[in-house]
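Chain residues, written in single-letter form:
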Amino acid sequence: MLKQFSIILSIYFLGELLQKAFGLPVPGNVIGMLLLFFGLSAGVIKLEMIDKMSGFLLDNLAFFFLPAGVSLITCFTLLEGKWTAILEISVLSTVVILAVTGLTVELVKKYFDKGQPESGSPEKLGVTAEKAASGTKARTVVNTGVAEPAQRNVHENVQEHVQGQVS
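To keep things clear, this report deals only with the structure shown in the data block. For clarity, every value in this text was computed on a predicted model and none was experimentally measured.

1. What to know about the overall build of the protein
And step 1. What the protein contains, in helices and strands, is eight helices and zero strands.
And step 2. Listed by position from the N terminus, the elements making up the protein come as α-α-α-α-α-α-α-α.
And step 3. Here the protein holds 167 residues, and the buried ones make up 12% of them.
And step 4. For the protein, long-range pairs separated by at least 24 residues make up 40% of all intrachain contacts whose partners lie at least 6 apart in sequence.
And step 5. Of the roughly 13600 Å² of accessible surface on the protein, 69% is carried by carbon and sulfur atoms.

Here's what the structure looks like:
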């Protein structure tokens, strides 16, 4: 874990160093995240090299907002009379973030669904179900008298799922 943390921290410091050295208007931590993204995309950094530490940091992300919240509480006198502007900006930015996120998800979904059969077409669903069933090895399980879905073969499960989707 220490090795993974040092890799992440080194990339962060490299981003800060680049920001200071070139006087870039982008924060160093954002540059560090971009460096990490490009390093992962290019294969220079393998996911296994940072997966446990990044999972830990993401699981405890809420704790990183505590200092900002505490400093906001100490600055209440500076914020007097500006609450409506803060509220308007918060609502507007939330709506913009939701819209951009939704559009991004739709675009990515369309990109990855290219070449995939349409989900509303029963013919294509049947073909997909047949391919899925033929690609898996169905095994027979001894029936213990309890009718559990896991005790049926894979082909029947796939057909039932497809019929449920079509209906």
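Next comes the rest of the account.
2. A look at the layout of surface pockets
And step 1. When its volume is computed, the largest pocket comes out at roughly 610 Å³.
And step 2. Taken together, 13 residues form the lining of the largest pocket, with Ile8, Tyr12, Met33, Leu36 and Leu57 sitting closest to its centre.
And step 3. Of the residues that constitute the lining of the largest pocket, the class distribution is 10 nonpolar, three polar and no charged.

3. Notes on a nonpolar patch on the surface
And step 1. Together, Phe22, Leu24, Val26, Val30, Met33, Leu34, Phe37 and Phe38 make up an exposed nonpolar region whose accessible area comes to about 770 Å².
And step 2. Per element, the largest residue contribution to the nonpolar patch is five residues, and it comes from helix α2 (residues 28-42).
And step 3. Note that valine 26 resides in the loop between α1 (2-22) and α2.

4. Quick word on the packing of α1 against helix α3 (residues 51-59)
And step 1. The contact between α1 and α3 brings their axes to 7 Å, and the two run at 75°. The angle between α1 and α3 places the two elements in the roughly perpendicular class. Taken together, the residues of α3 that come into contact with α1 (itself represented by Gln4, Phe5 and Ile8) are Asp51, Lys52, Met53, Ser54 and Leu57.
And step 2. Here the contact of α1 with α3 is composed, by residue class, of four nonpolar, two polar and two charged.

5. As for the nonpolar core
Generally speaking, nonpolar side chains in soluble globular proteins are found buried as a group.
And step 1. In this structure, Ile7, Ile8, Ile11, Ile45, Ile50 and Met53 together form the largest nonpolar core, which totals six residues.
And step 2. The biggest single contributor to this core is α1, with three residues.
And step 3. Among residues more than four places away in sequence, those in contact with isoleucine 8 are Ile50, Met53, Ser54 and Leu57.

So, how was this worked out
- Residues numbered from 1 in each chain as written.
- Predicted model: local features only at pLDDT ≥ 70, side-chain atom pairs only at ≥ 80, totals over all residues.
- Heavy atoms only, no water.
- Helix = DSSP H or I, 4+ residues; strand = E, 2+ residues; numbered from the N terminus.
- Buried < 20%, exposed > 50% of the residue type's maximum accessible area, 1.4 Å probe, protein only.
- Contact = heavy atoms within 4.5 Å.
- Areas by Shrake-Rupley, 256 points an atom, 1.4 Å probe, with all protein chains shown as cover.
- 1 Å grid on protein atoms, 1.4 Å probe; cavity = no way out; pocket = protein on both sides within 12 Å on 5 of 7 lines; lining within 4 Å.
- Points joined across faces, edges and corners; volume = space filled by probe spheres on them.
- Nonpolar A, V, L, I, M, F, W, Y, C, P; charged D, E, K, R; others polar.
- Patch = residues over 30% accessible without salt bridge, like charges linked within 9 Å, V, L, I, M, F, W, Y side chains within 5 Å.
- Salt bridge = Lys/Arg side-chain N within 4 Å of Asp/Glu carboxyl O.
- Axes fitted to C-alpha atoms, helices over the stretch in contact; angles between N-to-C directions.
- Parallel < 35°, antiparallel > 145°, perpendicular 65-115°, else oblique.
- Core = buried A, V, L, I, M, F, W, Y, C linked by side-chain atoms within 4.5 Å.

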